[in-house]
Amino acid sequence: GLPYNLGSRDEPPPKPLSKVAGRLARAANNFRETFGLFAVSVILVLLLHRQSNMSALGAQLYFWARVVYVPVYALGIAVVRTLVWTVSIIGIVMVLLAAFGGA
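On a predicted model such as this, the values are computed, not experimentally measured, just so you know.

Its 22 residues give helix H4 (residues 78–99) an end-to-end C-alpha distance of 32 Å, which sits within 8% of 32 Å, the value for a rise of 1.5 Å per residue. If you check which residues of H4 are buried, you get Val84, Ser88, Gly91, Ile92, Met94, Val95, Ala98 and Ala99. The buried residues of H4 occupy one face: seen down the axis, they fall within an arc of 155°. H4 presents Val79 and Leu83 as exposed residues on the side facing more than 90 degrees away from its buried surface. On its buried face, H4 is in contact with helix H2 (19–47) and helix H3 (53–74). The positive-phi residue at the C-terminal boundary of H4 is Gly101, with phi of around 85°.

Under the definition given, this model contains five aromatic pairs. With a centroid separation of 6.1 Å and 45° between ring planes, the pair formed by Phe35 and Phe38 is classed as tilted. Taken as a pair, Phe35 and Phe38 lie in helix H2 at a separation of three residues, close to a single helical turn. Owing to a relative accessible area of 12%, Phe38 belongs among the buried residues under this scheme. On the numbers, 5.5 Å between centres and 85° between planes, the contact of Tyr69 with Tyr73 is edge-to-face. Here Tyr73 and Tyr69 lie together in helix H3, a separation of four residues that amounts to about one turn. The two residues Tyr69 and Tyr73 agree in class, both being buried. One aromatic cluster is present, built from ring pairs that chain together Phe31, Phe35, Phe38 and Tyr62. Cation over ring: Arg66 sits above Tyr69, and NZ or CZ is 4.5 Å from the ring centre. Here the guanidinium or amino end of Arg81 rests over the ring plane of Tyr73, the centre of that ring lying 4.6 Å away.

We now examine H3. In a regular helix each residue adds 1.5 Å, so 22 residues correspond to 32 Å; H3 covers 32 Å between its end C-alpha atoms and thus fits that length. For H3, the complete set of buried residues consists of Ser55, Gly58, Tyr62, Ala65, Arg66, Tyr69, Val72, Tyr73 and Ala74. Contacts from the buried residues of H3 go to H2 and H4. Its side-chain oxygen at 3.2 Å from the backbone nitrogen of Met54, Ser52 defines the N-terminal cap of H3. Where H3 terminates, the next one or two residues include Gly76, which has phi positive at roughly 75°.

About the thresholds
- Residues numbered from 1 in each chain as written.
- Predicted model: local features only at pLDDT ≥ 70, side-chain atom pairs only at ≥ 80, totals over all residues.
- Heavy atoms only, no water.
- Helix = DSSP H or I, 4+ residues; strand = E, 2+ residues; numbered from the N terminus.
- Expected span 1.5 Å × (residues − 1).
- Buried < 20%, exposed > 50% of the residue type's maximum accessible area, 1.4 Å probe, protein only.
- Arc of directions from axis to C-beta.
- Contact = heavy atoms within 4.5 Å.
- Phe/Tyr/Trp six-rings, centres within 6.5 Å; stacked < 30°, edge-to-face > 60°.
- Lys NZ or Arg CZ within 6 Å of the ring centre and 35° of its normal.
- Polar contact = N/O pair within 3.5 Å; in protein donor to acceptor, adjacent residues only side chain to side chain.

Quick look at the structure:
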């Protein structure tokens, strides 16, 4: 509620999250876990001047997979969620391969 959201939130919320809110919180946590690696990968590509079609496609795959991931996770579509997450990881791998001379 509003009083909790306006406060310091030192205590856990008075009532548990709904299913959808819980899924969205987990999706946000998952994003935070993968974004750091993605950001470092892109920075490496730029610093090493290894921009290529593969690094661009990898970055796009990561971005669009993460955009699709949130609603798929919120709707609870388990198998599709895993496939979309896998595409985002493939995107990171493509960027890393470009950074280290694989493309």
